[in-house]
Each structure stands twice: as C-alpha cells, then as structure tokens.
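# Observations on the three-dimensional arrangement
Chain residues, written in single-letter form:
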Amino acid sequence: MNSIQDFNSKIKRVVISKEEIAEAIQKAGKEIDRIYDGRPILLVSILKGAFVFMADLCRAVSVPCEIGFMCAKSYYSGTVSSGVVQITMDLEQDVSQYHVVIVEDIVDTGRTLNDVVELLKGRNPLSLHVFTLLDKPSRRVVDFKADYSLFTIPDLFVIGYGLDCGEYYRNLPYIAEYDNQA
Ligand code: 5GP
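Anyway, here's the lowdown on the structure attached to this text. (Residues numbered from 1 in each chain as written. Predicted model: local features only at pLDDT ≥ 70, side-chain atom pairs only at ≥ 80, totals over all residues. Heavy atoms only, no water.)

## Details of the overall build of the protein chain
- When its secondary structure is counted, the protein chain shows 4 helices and 9 strands.
- Helices and strands in the protein chain line up, N terminus first, as α-β-α-β-α-β-β-β-α-β-β-β-β.
- Scaling as 2.2 N^0.38, a compact globule of 182 residues should have a C-alpha radius of gyration of about 16 Å, and the protein chain matches this with 17 Å.
- In terms of overall dimensions, the protein chain has a C-alpha envelope of 50 × 40 × 30 Å along the principal axes.
- By residue count, 47% of the 182 residues in the protein chain fall in the buried class.
- By element, 50% of the accessible surface of the protein chain is carried by carbon and sulfur atoms, the whole surface being about 9400 Å².
- Charged side chains in the protein chain number 19 positive and 25 negative. The centres of these two groups are separated by 3 Å. (Helix = DSSP H or I, 4+ residues; strand = E, 2+ residues; numbered from the N terminus. Rg over C-alpha atoms; globule rule 2.2 N^0.38 Å. Buried < 20%, exposed > 50% of the residue type's maximum accessible area, 1.4 Å probe, protein only. Areas by Shrake-Rupley, 256 points an atom, 1.4 Å probe, with all protein chains shown as cover. Lys, Arg positive; Asp, Glu negative; His and termini not counted. Charge placed at Lys NZ, Arg CZ, Asp CG, Glu CD.)

## Regarding the packing of aromatic side chains
- On inspection of all chains with the given rule, the structure shows 5 aromatic pairs.
- For the pair Phe157 and Tyr178, a centre-to-centre distance of 6.2 Å together with 80° between the ring planes defines the contact as edge-to-face. Of this pair, Phe157 sits in the loop between strand E7 (148–152) and strand E8 (158–159) while Tyr178 sits in strand E9 (residues 175–178); the two residues are 21 residues apart in sequence, bridging distant segments of the chain.
- Using a relative accessible area of 15% as the deciding quantity, one classes Tyr178 as buried.
- Clustering of aromatic rings is evident, with ring pairs tying together Phe7, Phe157, Tyr168, Tyr169 and Tyr178. (Phe/Tyr/Trp six-rings, centres within 6.5 Å; stacked < 30°, edge-to-face > 60°.)

## Points about the site of the ligand
- What surrounds the ligand is a group of 15 residues, the closest being Asp105, Thr109, Thr112, Val158 and Asp164.
- Contacts to the ligand include Gly110, whose backbone N or O atom sits 2.9 Å from an oxygen atom.
- Taking 510 Å² as the accessible area of the ligand by itself, protein coverage stands at 81%.
- At the level of elements, strand E5 (99–107) and helix H4 (111–121) are the ones that each hand at least two residues to the shell around the ligand.
- With 4 residues, E5 is the single largest residue contributor to the shell around the ligand.
- Residue composition of the shell around the ligand, by class: 6 nonpolar, 3 polar and 6 charged. (Near = heavy atom within 4 Å. Polar contact = N/O pair within 3.5 Å; in protein donor to acceptor, adjacent residues only side chain to side chain. Nonpolar A, V, L, I, M, F, W, Y, C, P; charged D, E, K, R; others polar.)

## A short note on the pattern of salt bridges
- Going through the model one piece at a time under the given rule, you end up with 12 salt bridges.
- For Asp90, the salt bridge is made with Arg123, and the minimal N-O distance between the two is 2.9 Å. Residue Asp90 is located in the loop between strand E4 (80–89) and E5, and its partner Arg123 is located in the loop between H4 and strand E6 (127–135); the two are separated by 33 residues in the primary sequence.
- On the accessibility criterion, Arg123 (29% relative accessible area) is partly exposed.
- The network of salt bridges with common partners includes Lys48, Asp164, Glu167 and Arg170. (Salt bridge = Lys/Arg side-chain N within 4 Å of Asp/Glu carboxyl O.)

If you want it as structure tokens, here you go:
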C-alpha cells in the first residue's frame, strides 16, 4: 500500500450501503427471535470476517444470547476438501448445551462453512442454524445452503463491513466491490 490514494482507488463502487445493511440486520434479528421464541441462544462468529456482522446482529436480537468466537481453516487437496478443519481458535462453550446460530460473513465455495457445520453438528448442539451476511451462489463448489442469507451477490470480490483484502478495508461501513485493475 503506497498511499491513501492507492488505498481509496481500489474501492470501485458501493454494492450494499450501510443503510441497507442496517435494515437487513433488523429483519435477521427478528427472524432469530421468531425461530427461538424466547429460548437462549449462542451466536458463534467465524473470525475474522464476521466480527462486524456479529457486533450488529447480536444487538438486533431480543432472545437471551451468549456470544462465542472461533477461527477455522479448511484444507484441500486440489479442489477437493480433505474434510479436515483446523481450528486455530476453538469455541470455549460446550455446544451440546446450546441452540447455536453460526454468524458468517460470506458463503463462497461453501467449503469452510460446510466443514464448520459438520464439526459443530458432531458436538450435538440442541439445534443449529446458519446466518450469513452474503451469499455468492454462483461460486459454490460444495452443496451448502445457509438457513438465512441477508444478501445474494454476483461473483464479485467484495470488501468492507468485516471483509478484507490483504487485511485492509474491514472497517468500511458498507460493502464495496474491490477493484483489481486500479
Ligand atoms: P468459502 O469456504 O465459502 O469458499 O469461503 C469463505 C471465506 O472466503 C469467507 O469467510 C471469506 O473470508 C472469504 N471470501 C469469499 N469471498 C470473498 C469476497 O468476495 N471478499 C472477501 N473479502 N472475502 C471472501
């Protein structure tokens, strides 16, 4: 990164505004309240990309909620998942005691969430739902569908609202298309 001009020139256009995100999060919070109907839940954010979404979503739910974080990396041989998920930071909670909602930034090929869901299901949660901020269905490699997607987007590389490029741009309050050519 050479200059602030270089940095800003990579932000091609706003794809989803902060107002649109805020409105969609209120709806998602209400859906979580509807599903759990007063029962306590554990919101699990997959770091790092989902940290901003988690911060806003947890404030849009009214059911009693705990929060948890995990960092997961999936390994693949070529384009085929080995099925091995490396947890670089595991959840501190025992999910067998919880109704779990996974809070993810984006489902792209679907590999990471597919593996994380299998892993957590193996720990016998009381129930499990996946809420993702973004979904890029055209990029799917494994057959994975989130229970709730706030936005479906085309095959673009996006940044902002937690999503990075080379660790930058996570703090943008909106979701933008990243300009590879600029
Ligand atoms: P998947 O395993 O579904 O292919 O990948 C999910 C992860 O890839 C996301 O959690 C995110 O970190 C990264 N990713 C996928 N698409 C994008 C994108 O358009 N922008 C950014 N910044 N990260 C992405």
